[in-house]
Amino acid sequence: MIKATTKLLCILGHPIKHSKSPLMHNKMLEILGIDSVYTAFDVEPSKVEDAVKGMKALGITGGNVTIPHKETVMPFLDEITEEAKNIGAVNTIFVKEGKYIGDNTDGRGFIISLMQDGGFDPKGKKALILGAGGAAKAIVTKLAMENICCIGIFDIDQSKSQELVNHAKKLNSTVNATNLKKEEIEQTATQADLIINCTPIGMKETDPELLNKKVFNQTQVVFDLIYNPSETKLLQDAKNAGAKIINGLGMLVYQGALSFERWTGEKPDTNIMMKAITE
Ligand code: NAP
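Presented here is an overview of the structure given in this document. (Residues numbered from 1 in each chain as written. Predicted model: local features only at pLDDT ≥ 70, side-chain atom pairs only at ≥ 80, totals over all residues. Heavy atoms only, no water.)

1. Section: the nonpolar core
Okay, so step 1: Phe110, Leu114, Ile129, Leu143 and Ile196 are the most contacted members of the largest nonpolar core, which has 28 residues in total.
Okay, so step 2: At the level of secondary structure, the elements contributing two or more residues to this core comprise helix 4 (106–117), strand 7 (126–130), helix 5 (134–145), strand 8 (150–154), helix 6 (158–171), strand 10 (194–197) and strand 11 (221–224).
Okay, so step 3: For this core, the leading source of residues is helix 5, giving five residues.
Okay, so step 4: Contacts of phenylalanine 110, omitting those with residues within four sequence positions, involve Ile139, Leu143, Ile196, Phe223 and Met251. (Core = buried A, V, L, I, M, F, W, Y, C linked by side-chain atoms within 4.5 Å. Buried < 20%, exposed > 50% of the residue type's maximum accessible area, 1.4 Å probe, protein only. Helix = DSSP H or I, 4+ residues; strand = E, 2+ residues; numbered from the N terminus. Contact = heavy atoms within 4.5 Å.)

2. Remarks on the site of the ligand
Okay, so step 1: For the ligand, the set of nearby residues contains 21 residues, the closest of which are Ala135, Asp155, Lys160, Leu225 and Gly248.
Okay, so step 2: Residue aspartate 155 places a side-chain N or O atom 2.7 Å away from an oxygen atom belonging to the ligand.
Okay, so step 3: Considered on its own, the ligand offers 920 Å² of accessible surface; in the complex 75% of this is hidden by protein.
Okay, so step 4: Every element with two or more residues in the shell around the ligand is listed here: helix 5 and helix 9 (249–264).
Okay, so step 5: Grouping the amino acids of the shell around the ligand by side-chain chemistry returns 14 nonpolar, five polar and two charged. (Near = heavy atom within 4 Å. Polar contact = N/O pair within 3.5 Å; in protein donor to acceptor, adjacent residues only side chain to side chain. Areas by Shrake-Rupley, 256 points an atom, 1.4 Å probe, with all protein chains shown as cover. Nonpolar A, V, L, I, M, F, W, Y, C, P; charged D, E, K, R; others polar.)

3. Notes on the packing of helix 4 against helix 5
Okay, so step 1: Taken N-terminus to C-terminus, the directions of helix 4 and helix 5 make an angle of 60 degrees; their axes are 8 Å apart at the nearest point. Handedness of the crossing formed by helix 4 with helix 5: right-handed. Contacts from Asp106, Gly107, Arg108, Phe110, Ile111 and Leu114 in helix 4 reach Ala138, Ile139, Lys142 and Leu143 in helix 5.
Okay, so step 2: For the contact of helix 4 with helix 5, the residue count by class is six nonpolar, one polar and three charged. (Axes fitted to C-alpha atoms, helices over the stretch in contact; angles between N-to-C directions. Left-handed = near helix turned anticlockwise from the far one by under 90°.)

4. Overview of the sheet that holds strand 12 (residues 244–246)
Okay, so step 1: Taken together, six strands build an open sheet; the order of strands is 9-8-7-10-11-12 and the sheet is parallel. With one partner strand each, in any of the chains shown, strand 9 (176–179) and strand 12 form the two edges of the open sheet. With direction set aside, neighbouring strand axes in the sheet form an average angle of 15 degrees.
Okay, so step 2: The pairing of strand 7 with strand 8 spans five bridges and is parallel. (Pairing = 2+ DSSP bridges.)

5. Examining the pattern of salt bridges
Okay, so step 1: Evaluation of the coordinates by the stated rule reveals 15 salt bridges.
Okay, so step 2: One salt bridge connects lysine 233 with glutamate 209, and the closest N-O pair in it is separated by 3.9 Å. With lysine 233 in helix 8 (residues 233–240) and glutamate 209 in the loop between strand 10 and strand 11, the pair connects residues that are 24 residues apart, well separated along the chain.
Okay, so step 3: Classification of glutamate 209 as partly exposed rests on a relative accessible area of 47%.
Okay, so step 4: The closest approach of N and O atoms between glutamate 231 and lysine 239, which form a salt bridge, is 2.8 Å. (Salt bridge = Lys/Arg side-chain N within 4 Å of Asp/Glu carboxyl O.)

6. Overview of the pairing of strand 7
Okay, so step 1: Across the five residues of strand 7, four count as buried, placing the element largely inside the fold.
Okay, so step 2: Crossover handedness for the path strand 7 to helix 5 to strand 8: right-handed.
Okay, so step 3: Relative to strand 10, strand 7 runs parallel, the two being bridged by four bridges. Its bridge partner being in strand 10, leucine 128 is matched across the sheet by isoleucine 195. (Right-handed = clockwise from strand over helix to strand, strands pointing away.)

7. Some details on the packing of aromatic side chains
One pair of aromatic rings is described through two measures. These are the centre distance and the angle between the planes.
Okay, so step 1: One pass over the structure, following the stated rule, counts two aromatic pairs.
Okay, so step 2: With 5.7 Å between their ring centres and 45 degrees between their planes, tyrosine 38 and tryptophan 263 make a pair best called tilted. Of this pair, tyrosine 38 sits in strand 2 (residues 36–42) while tryptophan 263 is found in helix 9, placing the two residues 225 residues apart along the sequence. Accessibility classification places tyrosine 38 together with tryptophan 263 in one group, the buried group.
Okay, so step 3: Measuring from ring centre to ring centre gives 4.9 Å for phenylalanine 110 and phenylalanine 223, while their planes differ by 50 degrees; the resulting arrangement is tilted. Note that phenylalanine 110 is positioned in helix 4 and phenylalanine 223 in strand 11, a separation of 113 residues in sequence.
Okay, so step 4: For phenylalanine 110, a relative accessible area of 0% corresponds to the buried category.
Okay, so step 5: Classification of phenylalanine 223 by relative accessible area gives buried; the value is 0%.
Okay, so step 6: Over the aromatic face of phenylalanine 120 sits the side chain of lysine 125, whose NZ or CZ is 5.1 Å from the ring centroid. (Phe/Tyr/Trp six-rings, centres within 6.5 Å; stacked < 30°, edge-to-face > 60°. Lys NZ or Arg CZ within 6 Å of the ring centre and 35° of its normal.)

Below, the structure is given as structure tokens:
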């Protein structure tokens, strides 16, 4: 029950009504008997500064930040963790000694899903990354820190993929990072141990094919950040070729669990969180 003592956690995004975060966090808050509720705020891009000021004024105890505010929120926070600085984006806000601190749990959420659910250790491996937006940046940062050998990145906006290539090389000079042209994708995909879709392509049934099905084989792990549908065309083709497939649900839950721990100091049960968003 909401009482006068109940604290507030929230997610800031635009649009936000599709977000599954309130479902998983409220379920865990209830189970652990924590006197907090988690709600979603639809914040127009021009209102991000006001939203952070509002969080501070109302004593909101933490939250998440999602598209399109992950980068623009940064100047309005009191501190940014090393990890969020490296990624260049914030997906979690927590409060410590009255300071509103920006963190990023997307990359760690991804790595837990890849290593734990997929049984894949990126060290010394070759990866193809499709898309070079916010999520790709968190993922490439983590893969570079885990000493992946080679990363080929393709984005329709070649300046974005070039920027991400430069970012990977700066983080770890031993990583062989390449900005791929469209005609180089297929060959890189065929040779990759790991293929990751960091674009929104595959959410709609009418979306074009991202990769020709002939590039997949049974030694590969194919990771799609999309979780709705649970099996995109990309994952279906990869599965049919015998590749191991992972969708974005695990990443969503693990990044959420890491945020939850930041706010409450308690380790949530990720199985319960997963159930809360899939039922
Ligand atoms: P974003 O910042 O918009 O990045 C997507 C990038 O992909 C953009 O640079 C986009 O270019 C590019 N792109 C679009 N179509 C492409 C294509 N056919 N080939 C290559 N690049 C293409 O979005 P994001 O925040 O990184 O998110 C990407 C996806 O991951 C979304 O589906 C999101 O829902 C999902 N995601 C999942 C999780 C999770 O926990 N599972 C977490 C974060 C994100 P343009 O901007 O020019 O279109």
